[in-house]
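These are the residues of each chain, in order.
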Amino acid sequence: MKHFLMITNIYKDAELRLTEGIKAYIEQKGGTCVCMTGTGEETGDTPSMAERAPRDIECVLVLGGDGTLIRAAAALVGRNLPLIGVNLGTLGYLCELEEGSVFAAIDQLMEDRYIVEERMMLTGHGCNESECNALECNAPRGMTKNIALNDIVIHRTGALSVISLIVYVNGEYLNTFRADGIIISTPTGSTGYNMSAGGPIVDPKAEMILITPINAHNLNSRSIVIGAEDEIVVEIGKRRSQRDETAEVSFDGDSAVKLGVGDRFFVGRAKDTALICKISRKSFLEILSKKMQTYT
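Scoring rules and cut-offs
- Residues numbered from 1 in each chain as written.
- Predicted model: local features only at pLDDT ≥ 70, side-chain atom pairs only at ≥ 80, totals over all residues.
- Heavy atoms only, no water.
- Helix = DSSP H or I, 4+ residues; strand = E, 2+ residues; numbered from the N terminus.
- Buried < 20%, exposed > 50% of the residue type's maximum accessible area, 1.4 Å probe, protein only.
- Contact = heavy atoms within 4.5 Å.
- Areas by Shrake-Rupley, 256 points an atom, 1.4 Å probe, with all protein chains shown as cover.
- Pairing = 2+ DSSP bridges.
- Axes fitted to C-alpha atoms, helices over the stretch in contact; angles between N-to-C directions.
- 1 Å grid on protein atoms, 1.4 Å probe; cavity = no way out; pocket = protein on both sides within 12 Å on 5 of 7 lines; lining within 4 Å.
- Points joined across faces, edges and corners; volume = space filled by probe spheres on them.
- Salt bridge = Lys/Arg side-chain N within 4 Å of Asp/Glu carboxyl O.
- Core = buried A, V, L, I, M, F, W, Y, C linked by side-chain atoms within 4.5 Å.
- Phe/Tyr/Trp six-rings, centres within 6.5 Å; stacked < 30°, edge-to-face > 60°.

### A look at the overall build of the protein chain
- Each helix and strand counted, the protein chain has six helices and 17 strands in total.
- Here the protein chain, with 296 residues, has 53% of them falling under the buried criterion.
- Considering only residue pairs separated by 6 or more positions, the protein chain has 71% of its internal contacts joining residues 24 or more positions apart.
- Accessible surface computed for the protein chain: about 13600 Å², of which carbon and sulfur atoms make up 49%.

So, in C-alpha cells, the structure goes:
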C-alpha cells in the first residue's frame, strides 16, 4: 500500500497535529495521502465522500474513535476500501491503533504486512400503514441508502412511555416487545449499544443478526440471535386509543426515519460489506479481555 485517504475527526485532533504528522510520514516514505476532516457527527456530506475520494486510494486511515470509523465505513460503502482506525477517544473496540503505534503500523501497511476482515452490514427501509397492508410488501433490499455497520435502532420519541414493537422474522410472528426500543445489531455492533442493553458479545467476523430489546417491560424478554440472511419486520403496535405513539429509526446513531402506529420497518443484510484492516494477529477474545480490564 502506498496511496492513503485519511479521515480525521477534528474534535479529536483539533489542531491537526497528528494528521499532518502522519501525512508527512507517508509522503516521506514515498506514498501519497489525501486528507478529509469532519466532526464525526454530521451526515450532510457523507454521500459525496465516496465520490471525492481519489480512485487510486488503497487504504483509509480514520482518526477519531469507533463512531468516526463507523460513519466512514457507511460513507465509503461501495468503494471496497479497507479501513483502519486510530483511537483518539476512550473505549474503542473497532479502532486497533493508538497514537503511539500509528507510525509503526504505517510501516507494516506500506510493506503489505496486514490482513483484511470482511464485516457484514445492515440495511433498512420503512412503509407507513396506508402503503403497507401486508408483510409481503417489502421492497428489494439495497434500494435505500440507509446502511449500518453497527446497528439499526428503533426507539421511542416524545413522552416517557414504552412502545409496543411487534417483531416478525421471515414473515413469521416472533414476539411483541413492550420497551423503550429495539436494537438490531451486526456482530461488529455487538460491543456497542447492544452490549450496553444486556445483549451478547459476538466475534465480529461471525455472520448473524442480534435482536435486543431496550429496557423491556416483559419479564421474559431476552436477546435473540437469528441467521444473517433472515429478514426482520418491526411494526409499531397500538397501546392506547389515541394511537399517538411515535418512534424513530437510527442507523449507527444517526436518526433517519420517523414511524407511527401501524408503520413497519424492514431490516436485512446489506449487499455491501465493510473491510477492516488489521495489523495485529491478536484474537478478538484477547483484544476484548484487554479492553474490558482497561475500562472496568
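That shown, we press on.
### What about the sheet that holds strand β15 (residues 246-251)?
- What the six strands build is an open sheet, ordered β13-β12-β11-β8-β15-β16; its pairing is antiparallel. Single-partner strands in this sheet number two, and they are β13 (224-227) and β16 (254-260). Taken over all neighbouring pairs, the strand axes of this sheet differ in orientation by 20 degrees on average, direction set aside.
- Where strand β12 (residues 208-214) meets β13, four bridges bridge the pair, whose relative direction is antiparallel. Looking at β13, one finds that I209 is bridged to I226.

### Description of empty space enclosed by the protein
- Following the criterion strictly, the structure yields two cavities of 30 Å³ or more and no others.
- Counted as a void, the second largest cavity has a volume near 70 Å³.
- A73, L76, V77, G78, R79, N80, L81, L83, T273, A274 and L275 together form the lining of the second largest cavity.
- Among the elements that take part in the lining of the second largest cavity, strand β17 (residues 264-278) stands out by supplying three residues, more than any other.

### So, the environment of D56
- Position of D56 among the secondary structure elements: in the loop between α2 (46-52) and β3 (59-64).
- Given the relative accessible area of 42%, D56 is considered partly exposed.
- Along the primary structure D56 and T32 are separated by 24 residues, whereas in three dimensions their C-alpha atoms are 9.9 Å apart.

### A look at the pattern of salt bridges
- Under the criterion given, the structure shown has twelve salt bridges.
- Between D180 and R156 there is a salt bridge whose closest N-O contact spans 3.1 Å. Residue D180 is located in the loop between β10 (172-179) and β11 (181-185), and its partner R156 is located in strand β8 (residues 151-156); the two are separated by 24 residues in the primary sequence.
- Residue classification places D180 among the buried positions, given a relative accessible area of 18%.
- A relative accessible area of 22% places R156 in the partly exposed class.

### Digging into the nonpolar core
- Membership of the largest hydrophobic core comes to 26 residues, with the highest contact counts inside it found for I152, I154, L165, I232, V249, L259 and F265.
- Looking at this core, the element that brings in the most residues is strand β9 (residues 163-169), giving four residues.
- Excluding its chain neighbours within four sequence positions, the residues that come into contact with V249 are I152, V153, I154, D254, S255, A256, V257, L259 and F265.

### Regarding the packing of aromatic side chains
- This structure, assessed with the given rule, holds three aromatic pairs.
- Ring geometry for Y25 and F103: centres 5.1 Å apart, planes at 75 degrees, overall edge-to-face. Here the residue Y25 occupies a position in helix α1 (residues 17-28), and F103 occupies one in helix α4 (residues 102-110), the gap between them amounting to 78 residues.
- We classify Y25 as partly exposed; its relative accessible area is 21%.
- Here the aromatic rings of Y168 and Y173 are separated by 6.0 Å at their centres, their planes lie at 75 degrees, and the arrangement is edge-to-face.

### Section: α4
- For α4, every residue scored as buried is listed here: V102, A105, I106, Q108, L109 and M110.
- In the core, the buried residues of α4 are packed alongside β1 (3-9), α1, β3, β4 (82-87), β5 (97-98) and β17.
- At the exit of α4 stands D112, carrying a positive phi of roughly 60 degrees.

### Observations concerning unusual backbone geometry
- The backbone of L16 sits at a positive phi, close to 60 degrees, despite the residue not being glycine.
- By the secondary structure assignment, L16 is in the loop between β1 and α1.
- L16 sits in the partly exposed class, given a relative accessible area of 25%.
- One non-glycine residue, D252, lies in positive phi territory at about 50 degrees.
- Counting through the fold element by element, D252 comes out in the loop between β15 and β16.
- We classify D252 as buried; its relative accessible area is 12%.

### Describing the environment of K29
- As for its position among the elements, K29 is in the loop between α1 and β2 (32-38).
- Counting along the chain gives 81 residues from K29 to M110, while the straight-line C-alpha distance between them is 8.7 Å.
- Setting aside anything within four residues of it in sequence, one finds K29 in contact with D107 and M110.

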